[in-house]
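# Remarks on the overall topology
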Amino acid sequence: LVNISKRGRDTGKDGASATKNSGGRTAAFSYGPVVYYALCIAAILYSGMWLPVLLLWFVPALTLMAMILRLRIIAEHFGVPNHTQLDMSRNTLYSIPERLLFAPHNVGYHLDHHLHTAVPFYNLPRFHCLLSSIPSYQRQSKQSDSFWGLSSSTVLKDIMTVGTPLSKSAPS
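Treat the numbers as computed from the prediction; the structure is a model and nothing was measured.

With that settled, the discussion passes to empty space enclosed by the protein. Scanning all chains against the criterion turns up one cavity of 30 Å³ or more. Put simply, the largest cavity is a space of about 30 Å³. Forming the walls of the largest cavity are A75, E76, R90, T92, Y94, V107, G108 and H110. Listing elements by their share of the lining of the largest cavity, those giving two or more residues are α3 (64-77) and β5 (90-92). When grouped by side-chain class, the residues that make up the lining of the largest cavity number three nonpolar, three polar and two charged.

Have a look at this one:
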(Lines give C-alpha, C1' and ligand atoms only; values in the text may rest on other atoms or scores of the structure.)
Protein backbone atom coordinates (compact mmCIF):
# COMPACT_ATOMS: atom_id res chain seq x y z
CA LEU A 1 0.00 0.00 0.00
CA VAL A 2 1.19 3.51 -0.85
CA ASN A 3 -0.11 6.72 0.70
CA ILE A 4 0.06 9.77 -1.56
CA SER A 5 0.17 13.11 0.21
CA LYS A 6 -0.95 16.44 -1.22
CA ARG A 7 2.64 17.42 -2.08
CA GLY A 8 3.16 14.46 -4.41
CA ARG A 9 5.34 12.49 -1.99
CA ASP A 10 4.78 8.80 -1.49
CA THR A 11 5.26 6.90 1.70
CA GLY A 12 5.69 3.21 1.11
CA LYS A 13 4.89 0.46 3.57
CA ASP A 14 8.47 0.70 4.91
CA GLY A 15 7.94 4.40 5.68
CA ALA A 16 10.61 5.58 3.20
CA SER A 17 9.79 8.83 1.47
CA ALA A 18 10.14 9.29 -2.29
CA THR A 19 8.82 11.63 -4.96
CA LYS A 20 6.89 10.84 -8.10
CA ASN A 21 8.69 11.69 -11.31
CA SER A 22 6.96 12.88 -14.49
CA GLY A 23 6.36 9.29 -15.64
CA GLY A 24 4.41 8.52 -12.48
CA ARG A 25 7.13 6.21 -11.15
CA THR A 26 8.52 6.61 -7.68
CA ALA A 27 12.10 7.88 -7.52
CA ALA A 28 13.77 6.98 -4.21
CA PHE A 29 16.63 8.95 -2.67
CA SER A 30 19.98 7.59 -3.84
CA TYR A 31 22.63 7.03 -1.21
CA GLY A 32 25.36 6.40 -3.83
CA PRO A 33 26.78 9.94 -3.97
CA VAL A 34 26.58 10.33 -0.19
CA VAL A 35 28.48 7.07 0.33
CA TYR A 36 31.04 8.02 -2.33
CA TYR A 37 31.83 11.41 -0.77
CA ALA A 38 31.88 9.95 2.73
CA LEU A 39 34.46 7.37 1.56
CA CYS A 40 36.53 10.10 -0.15
CA ILE A 41 36.55 12.25 2.98
CA ALA A 42 37.40 9.23 5.17
CA ALA A 43 40.30 8.26 2.86
CA ILE A 44 41.67 11.83 2.84
CA LEU A 45 41.47 12.10 6.62
CA TYR A 46 42.86 8.59 7.20
CA SER A 47 45.84 9.20 4.89
CA GLY A 48 46.65 12.51 6.56
CA MET A 49 46.33 14.34 3.23
CA TRP A 50 43.67 16.80 4.39
CA LEU A 51 46.02 19.82 4.40
CA PRO A 52 47.40 19.31 0.85
CA VAL A 53 43.88 18.63 -0.43
CA LEU A 54 42.63 21.78 1.26
CA LEU A 55 45.50 23.98 0.02
CA LEU A 56 45.94 22.52 -3.46
CA TRP A 57 42.30 21.74 -4.34
CA PHE A 58 39.68 23.61 -2.35
CA VAL A 59 41.42 26.98 -1.86
CA PRO A 60 42.29 27.34 -5.59
CA ALA A 61 38.83 26.10 -6.60
CA LEU A 62 37.21 28.81 -4.50
CA THR A 63 39.63 31.63 -5.40
CA LEU A 64 41.83 31.32 -8.50
CA MET A 65 39.44 29.17 -10.49
CA ALA A 66 36.67 31.76 -10.20
CA MET A 67 38.98 34.45 -11.59
CA ILE A 68 40.24 32.24 -14.42
CA LEU A 69 36.72 31.21 -15.42
CA ARG A 70 35.54 34.84 -15.35
CA LEU A 71 38.40 35.91 -17.64
CA ARG A 72 37.62 33.04 -19.99
CA ILE A 73 33.93 33.96 -20.13
CA ILE A 74 34.90 37.55 -20.97
CA ALA A 75 37.27 36.28 -23.66
CA GLU A 76 34.57 34.10 -25.19
CA HIS A 77 31.57 36.44 -25.15
CA PHE A 78 32.48 40.09 -24.60
CA GLY A 79 33.24 42.53 -27.39
CA VAL A 80 31.35 40.70 -30.13
CA PRO A 81 28.26 42.05 -31.94
CA ASN A 82 25.97 39.10 -31.09
CA HIS A 83 23.57 39.68 -33.99
CA THR A 84 23.79 36.26 -35.65
CA GLN A 85 25.00 32.81 -34.74
CA LEU A 86 28.31 33.52 -36.44
CA ASP A 87 29.14 36.57 -34.32
CA MET A 88 27.73 35.57 -30.92
CA SER A 89 31.09 34.41 -29.63
CA ARG A 90 34.71 34.19 -30.73
CA ASN A 91 37.40 31.63 -31.28
CA THR A 92 40.71 32.37 -29.64
CA LEU A 93 43.84 30.55 -30.75
CA TYR A 94 45.61 30.78 -27.40
CA SER A 95 49.37 30.53 -26.98
CA ILE A 96 50.62 27.46 -25.11
CA PRO A 97 50.78 29.19 -21.66
CA GLU A 98 47.33 30.69 -22.22
CA ARG A 99 46.00 27.31 -23.32
CA LEU A 100 47.31 25.67 -20.13
CA LEU A 101 45.75 28.35 -17.93
CA PHE A 102 42.52 29.34 -19.73
CA ALA A 103 41.59 26.86 -22.41
CA PRO A 104 42.37 23.19 -21.94
CA HIS A 105 40.60 20.69 -24.19
CA ASN A 106 40.35 23.09 -27.16
CA VAL A 107 38.08 25.52 -25.30
CA GLY A 108 39.50 28.27 -27.53
CA TYR A 109 37.26 27.01 -30.35
CA HIS A 110 34.31 28.43 -28.46
CA LEU A 111 32.31 29.76 -31.40
CA ASP A 112 32.67 26.46 -33.21
CA HIS A 113 31.45 24.68 -30.08
CA HIS A 114 28.39 26.97 -29.91
CA LEU A 115 27.59 26.32 -33.56
CA HIS A 116 27.70 22.53 -33.20
CA THR A 117 27.73 21.36 -29.58
CA ALA A 118 27.80 17.68 -30.55
CA VAL A 119 31.37 17.93 -31.87
CA PRO A 120 33.69 16.47 -29.21
CA PHE A 121 36.53 18.67 -27.96
CA TYR A 122 39.21 16.57 -29.64
CA ASN A 123 37.61 17.15 -33.07
CA LEU A 124 37.18 20.92 -32.70
CA PRO A 125 40.47 21.88 -34.48
CA ARG A 126 39.54 19.72 -37.50
CA PHE A 127 35.98 21.07 -37.41
CA HIS A 128 37.37 24.63 -37.32
CA CYS A 129 39.35 23.91 -40.49
CA LEU A 130 36.16 22.72 -42.21
CA LEU A 131 34.23 25.81 -41.09
CA SER A 132 37.06 28.10 -42.20
CA SER A 133 36.50 27.05 -45.79
CA ILE A 134 32.95 28.51 -45.74
CA PRO A 135 32.92 32.14 -47.01
CA SER A 136 30.19 33.40 -44.65
CA TYR A 137 32.06 31.93 -41.68
CA GLN A 138 35.26 33.65 -42.83
CA ARG A 139 33.46 37.01 -43.15
CA GLN A 140 31.27 37.04 -40.05
CA SER A 141 33.02 35.00 -37.37
CA LYS A 142 35.38 36.61 -34.87
CA GLN A 143 38.81 35.02 -34.55
CA SER A 144 41.42 36.24 -32.07
CA ASP A 145 45.07 35.20 -32.06
CA SER A 146 45.65 35.50 -28.35
CA PHE A 147 44.13 36.66 -25.07
CA TRP A 148 46.68 39.36 -24.26
CA GLY A 149 49.59 38.76 -26.62
CA LEU A 150 51.30 41.14 -29.02
CA SER A 151 49.45 40.12 -32.17
CA SER A 152 47.07 42.45 -33.98
CA SER A 153 43.95 40.48 -33.06
CA THR A 154 43.73 39.85 -29.32
CA VAL A 155 40.78 39.57 -26.97
CA LEU A 156 42.21 42.32 -24.80
CA LYS A 157 42.39 44.74 -27.74
CA ASP A 158 38.77 43.95 -28.64
CA ILE A 159 37.62 44.60 -25.09
CA MET A 160 39.63 47.81 -24.70
CA THR A 161 38.51 49.26 -28.04
CA VAL A 162 35.60 51.64 -27.55
CA GLY A 163 33.48 52.93 -30.41
CA THR A 164 34.07 50.07 -32.84
CA PRO A 165 31.35 47.74 -34.12
CA LEU A 166 32.84 44.93 -32.02
CA SER A 167 32.58 46.84 -28.76
CA LYS A 168 29.55 46.34 -26.49
CA SER A 169 29.81 49.98 -25.40
CA ALA A 170 29.81 51.31 -28.94
CA PRO A 171 27.36 54.16 -29.55
CA SER A 172 24.38 53.25 -31.72
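Now that the structure is up, let's keep going.
The subject of this paragraph is the packing of aromatic side chains. For any pair of aromatic rings, geometry is given as the distance between the ring centres together with the angle between the planes. Under the counting rule described, the total for this entry stands at four aromatic pairs. Aromatic side chains Y94 and F102 sit 6.4 Å apart centroid to centroid with 25° between the ring planes, which places their arrangement in the stacked category. Considered together, Y94 and F102 belong to a single accessibility category, that of buried residues. Following the ring pairs from residue to residue traces out a cluster consisting of Y94, F102 and F147.

Let us now look at the nonpolar core. L86, Y109, L111, V119, L124, F127, L131 and Y137 together form the largest nonpolar core, which totals eight residues. Aside from chain neighbours lying at most four places away, what touches V119 is L124 and F127. Formed by seven residues, the second largest nonpolar core is a distinct cluster that contains I68, Y94, A103 and F147.

Overall, the predicted model of the chain reaches an average pLDDT of 80, with 77% of residues at or above 70. Strand β1 (residues 3-4) is the least confidently modelled element of the chain, averaging 40 in pLDDT, while helix α6 (residues 124-132) averages 96, the highest of any element. Note that residues 1-11 has pLDDT below 50 and, in this model, 23 contacts with residues that lie over four places away or in other chains. Predicted confidence is poor over residues 162-172, with pLDDT under 50, and the contacts of this stretch with residues over four places away or in other chains come to 18 contacts.

Applying the stated criterion to the full structure yields one salt bridge. One salt bridge in this structure joins E76 and R72, with 3.4 Å as the shortest N-O distance. With E76 and R72 both in helix α3 and four residues apart, the pair spans about one turn of that helix.

As for its placement among the helices and strands, L101 is situated in helix α4 (residues 96-101). Assessed through its relative accessible area of 42%, L101 is described here as partly exposed. When the C-alpha positions of L101 and M65 are compared, they lie 9.8 Å apart, and in sequence the two are 36 residues distant.

Each value, and the rule that gives it
Residues numbered from 1 in each chain as written. Predicted model: local features only at pLDDT ≥ 70, side-chain atom pairs only at ≥ 80, totals over all residues. Heavy atoms only, no water. 1 Å grid on protein atoms, 1.4 Å probe; cavity = no way out; pocket = protein on both sides within 12 Å on 5 of 7 lines; lining within 4 Å. Points joined across faces, edges and corners; volume = space filled by probe spheres on them. Helix = DSSP H or I, 4+ residues; strand = E, 2+ residues; numbered from the N terminus. Nonpolar A, V, L, I, M, F, W, Y, C, P; charged D, E, K, R; others polar. Phe/Tyr/Trp six-rings, centres within 6.5 Å; stacked < 30°, edge-to-face > 60°. Buried < 20%, exposed > 50% of the residue type's maximum accessible area, 1.4 Å probe, protein only. Core = buried A, V, L, I, M, F, W, Y, C linked by side-chain atoms within 4.5 Å. Contact = heavy atoms within 4.5 Å. pLDDT = per-residue confidence, 0-100. Salt bridge = Lys/Arg side-chain N within 4 Å of Asp/Glu carboxyl O.

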